[in-house]
Amino acid sequence: MRAEDLISTRPTAEEITESLRQLPTPRPDAVDALRQRFAATHEKPSAAAWPPFLEGARIKRDARYADAPSSHRPVVGPALVMAKRAFRLAFQPFINEALRRQVEFNEAILDALALIHEHQRVHARTQTLWRQEVEKRLEQLDAHLPPRTPEVEPPAKPSGEDTGAQPPRGKSRRRGR
């Protein structure tokens, strides 16, 4: 569909307003039912800012800072830990600059995942409300229909009996025959 297909000059806004004025006033119970339906679809604020499955990733999103260095070696371990700390202290500005774009990317991905999760949650809630509404309407329609009488089906022949008709033959798999 193109944008030109959506643009319309007829009816004008004044004609639509006049048509709305001619509509009858709705019943108060219908207005209340509609308000309740709108209230049911109103978005409630979520309790947690981040979904639980993204909480661990959110904590680790900043790759510029590492855990405190440690070593399991008994003799040279303390020397290695001190060398790691000295290296980290000396080169931390370069490490920060090298990983800055990675951190920005991680934050953007986490924000996008949180947004997708929120959209899916809202969509699932809306689908549930829609399904309940459809089921309620189907029950109302079933209440207005007369009861159906069960149809009598002819008895099925046992699988061993011959029906008299030959089964259709498929094409032969052999070439030229």
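Quick caveat: nothing in here was measured; it's all calculated off a predicted structure.

## Section: the overall build of the protein
Across its full length, the protein carries five helices and zero strands. Counting from the amino terminus, helix and strand elements in the protein follow one another as α-α-α-α-α. Here the protein holds 177 residues, and the buried ones make up 7% of them. Partitioning the contacts of the protein with sequence separation of at least 6, the portion at a separation of at least 24 is 75%. For the protein, the exposed area adds up to about 16900 Å²; of that, 59% sits on carbon and sulfur atoms.

## A few points about the pattern of salt bridges
On inspection of all chains with the given rule, the structure shows eight salt bridges. Across the pair E18 and R21 runs a salt bridge whose closest N-O atoms are separated by 3.5 Å. A residue pair is termed a helical-turn pair when its members lie 3 or 4 positions apart in one helix, as E18 and R21 do in helix α2 (residues 13-22) at three residues. Since its relative accessible area comes to 39%, E18 is described here as partly exposed.

## Description of the packing of helix α4 (residues 52-59) against helix α5 (residues 77-144)
Where α4 meets α5, the closest approach of the two axes is 11 Å, and the angle between their N-to-C directions is 170 degrees. Put simply, α4 runs roughly antiparallel to α5. In contact with F53, L54, A57 and R58 of α4, α5 contributes L110, L113, A114 and H117. Among the residues making up the contact of α4 with α5, the classes are represented as six nonpolar, one polar and one charged.

## Some details on the packing of aromatic side chains
Inspection of the entire model under this criterion finds two aromatic pairs. Ring centres 6.2 Å apart and planes at 50 degrees place the aromatic pair F91 and F94 in the tilted group. Taken as a pair, F91 and F94 lie in helix α5 at a separation of three residues, close to a single helical turn. Here F94 falls in the exposed class, since its relative accessible area comes to 58%.

## A word on a nonpolar patch on the surface
On the surface, F105, I109, L113 and I116 cluster together into a nonpolar patch covering about 360 Å² of accessible area. By the element assignment, L113 lies in helix α5. A relative accessible area of 38% places L113 in the partly exposed class.

## A closer look at the confidence of the model for the protein
Should pLDDT be low for a region, the predicted coordinates there are not to be read in detail. Across the protein, the average pLDDT comes to 81, with 80% of residues at 70 or higher. Ranking the elements of the protein by mean pLDDT puts helix α1 (residues 3-6) last, at 71, and α5 first, at 89.

## Describing the side chain of Q92
For Q92, the location among the structural elements is in helix α5. For Q92, the residues in contact, after removing those within four places along its chain, are R64 and Y65.

The rules we used
- Residues numbered from 1 in each chain as written.
- Predicted model: local features only at pLDDT ≥ 70, side-chain atom pairs only at ≥ 80, totals over all residues.
- Heavy atoms only, no water.
- Helix = DSSP H or I, 4+ residues; strand = E, 2+ residues; numbered from the N terminus.
- Buried < 20%, exposed > 50% of the residue type's maximum accessible area, 1.4 Å probe, protein only.
- Contact = heavy atoms within 4.5 Å.
- Areas by Shrake-Rupley, 256 points an atom, 1.4 Å probe, with all protein chains shown as cover.
- Salt bridge = Lys/Arg side-chain N within 4 Å of Asp/Glu carboxyl O.
- Axes fitted to C-alpha atoms, helices over the stretch in contact; angles between N-to-C directions.
- Parallel < 35°, antiparallel > 145°, perpendicular 65-115°, else oblique.
- Nonpolar A, V, L, I, M, F, W, Y, C, P; charged D, E, K, R; others polar.
- Phe/Tyr/Trp six-rings, centres within 6.5 Å; stacked < 30°, edge-to-face > 60°.
- Patch = residues over 30% accessible without salt bridge, like charges linked within 9 Å, V, L, I, M, F, W, Y side chains within 5 Å.
- pLDDT = per-residue confidence, 0-100.

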